[in-house]
Amino acid sequence: MENLVQDTTVQKPKWIRVKLPTGKNYRELRSLVDKYKLNTICQSGSCPNMGECWGEGTATFMILGNICTRSCGFCGVKTGKPLDVNWDEPEKVARSIKLMKIKHAVLTSVDRDDLKDMGSILWGETVNAVRRISPGTTMETLIPDFQGITKHLDRLVEVAPEVISHNMETVKRLTREVRIQAKYERSLEVLRYLKEAGQRRTKTGVMLGLGENKDEVFQTIEDIRNANVDVITLGQYLQPTKKHLPVKKFITPEEFDEFGDFARSLGFRHVESSPLVRSSYHAEKHIH
């Protein structure tokens, strides 16, 4: 697989360029977010699909603060000592979802390795609050690995969101560099355990363009399917700042099609594979 070292003087390929978000639903949602100072990852993460997702009534919210205890080389979230847990957060998030009339909410969080429960108790309370305050909203919970501790994972299975996802992010060889404090096998075990514990729908996401080769991508997809994961998303890694890992290659749409076809042949329920795909892309379709 040819490697292209990212250079600030080199333009991104045409298939990476993003259309500006438009549409009535998007404009209405944007005005609510601005008026009530609501927080979504869609905005703070500058997601290329924000207009499309908001138009479909889907948005992503981050809980447990905005400072992470881990320092992944690809992620734009701050690393450091997090603030104390805000136990009013579940209500606030649930009320934001109701106010925004969100049909399908994706909830995610920073890693909270500083907490005894890794944040899993607040995770459960947030799902329950959304169910109580906005009962018509379906949910995906994009969780950390909770260090693989099953009693923390059980708290998510017990509240039964429609989808529980945990992202593998990259191939085995690159995991230590890309996800410094994470482990490839541990993430696979988390996904496998969730299914064995009774979770109806599981999901993961992988970024490409970090220096992996094709065989490694195929192997990763196969490993994920062997963990009985239902949904996989494959998208292009984009460097958040110059301090983050560089893009080694821009994967072509044809290569994404090849990886997507391979994943479908293994029996995944849903496959999203294209350059601008992010883990929450078409999330509302993954519950069926």
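All values reported here derive from a predicted model rather than from experimental measurement. Residue positions are counted from 1 within each chain, in the order its sequence is given. Side-chain atom pairs in this predicted model are given and counted only at pLDDT of 80 or more, local residue features only at pLDDT of at least 70, and totals for whole chains, interfaces and linings cover all residues. For the side-chain quantities, the full set of heavy atoms in the structure was used; hydrogens and water were omitted.

1. Some thoughts on the packing of helix α4 (residues 89-99) against helix α5 (residues 120-133)
Threshold: The convention used is that axes are lines fitted to C-alpha atoms, helices contributing only their stretch in contact, and that angles between N-to-C directions extend from 0 to 180 degrees. Runs of E in the DSSP output that reach at least two residues are strands. Runs of H or I that reach at least four are helices, and both are numbered from the N terminus. Handedness of each helix crossing follows the sense of rotation of the near helix against the far helix: counterclockwise by less than a right angle gives left-handed, clockwise gives right-handed. Every residue pair with non-hydrogen atoms within 4.5 Å of one another is taken to be in contact.
As a packed pair, α4 and α5 sit with axes 8 Å apart at the nearest point and diverge in direction by 35°. Two packed elements cross with a definite hand, and for α4 against α5 that hand is right-handed. Of the residues in α5, those touching α4 at E89, P90, E91, V93, A94, R95, I97 and K98 are L122, E125, T126, A129, V130, R132 and I133.

2. Side note on the pattern of salt bridges
Condition: When a carboxyl oxygen of Asp or Glu lies within 4 Å of a side-chain nitrogen of Lys or Arg, that pair is called a salt bridge.
Scanning the model with the defined rule gives 14 salt bridges in all. Between R95 and E91 there is a salt bridge, and its shortest N-O distance comes to 3.5 Å. Taken together, the residues R95 and E91, both in helix α4 and 4 residues apart, mark about one turn of the helix. Through salt bridges with shared partners, a single ionic network connects E91, R95 and R132.

3. What to know about unusual backbone geometry
As a rule of thumb, non-glycine residues mostly have phi less than zero, and peptide bonds are mostly trans rather than cis. Here is the rule: Each residue is placed in one exposure class: buried if its accessible area under a 1.4 Å probe, protein chains only, is under 20% of its type's maximum, exposed if it is over 50%, and partly exposed if it falls in between.
One non-glycine residue, L64, lies in positive phi territory at about 70°. Inspection of the secondary structure puts L64 in the loop between β1 (58-63) and β2 (67-68). Note on L64: relative accessible area 4%, which makes it buried. Positive phi, close to 55°, is recorded for Q147, a residue that is not glycine. Mapped onto the elements, Q147 comes out in the loop between β5 (138-142) and α6 (150-159). Under the relative-accessibility criterion, Q147 is labelled partly exposed at 33%.

4. As for the confidence of the model for the chain
Our working rule: Scored from 0 to 100, pLDDT reflects the predictor's confidence in each residue.
Summarising the model, the chain shows a mean pLDDT of 88, and 90% of its residues fall at 70 or more. For residues 1-10, every residue scores under 50 in pLDDT, and the model assigns this stretch 19 contacts once sequence neighbours within four places are set aside.

5. Concerning the sheet that holds strand β6 (residues 163-165)
The following threshold applies: Should DSSP find at least two bridges between two strands, the strands are regarded as paired.
Taken together, the 7 strands give an open sheet; going across it, the order is β1-β4-β5-β6-β7-β8-β9, and neighbouring strands pair in parallel fashion. Here the strands that pair on one side only, and so sit at the sheet edges, are β1 and β9 (270-273). Ignoring which end each strand starts from, the neighbouring axes of this sheet average 20° apart. For β6 and strand β7 (residues 202-208), the ladder comprises 2 bridges, and the chain directions are parallel. Within β7, the residue paired with S165 across the bridge is K203. Where helix α8 (residues 184-196) meets the sheet, it contacts β6 and β7, and its direction lies at approximately 160° from that of β7.

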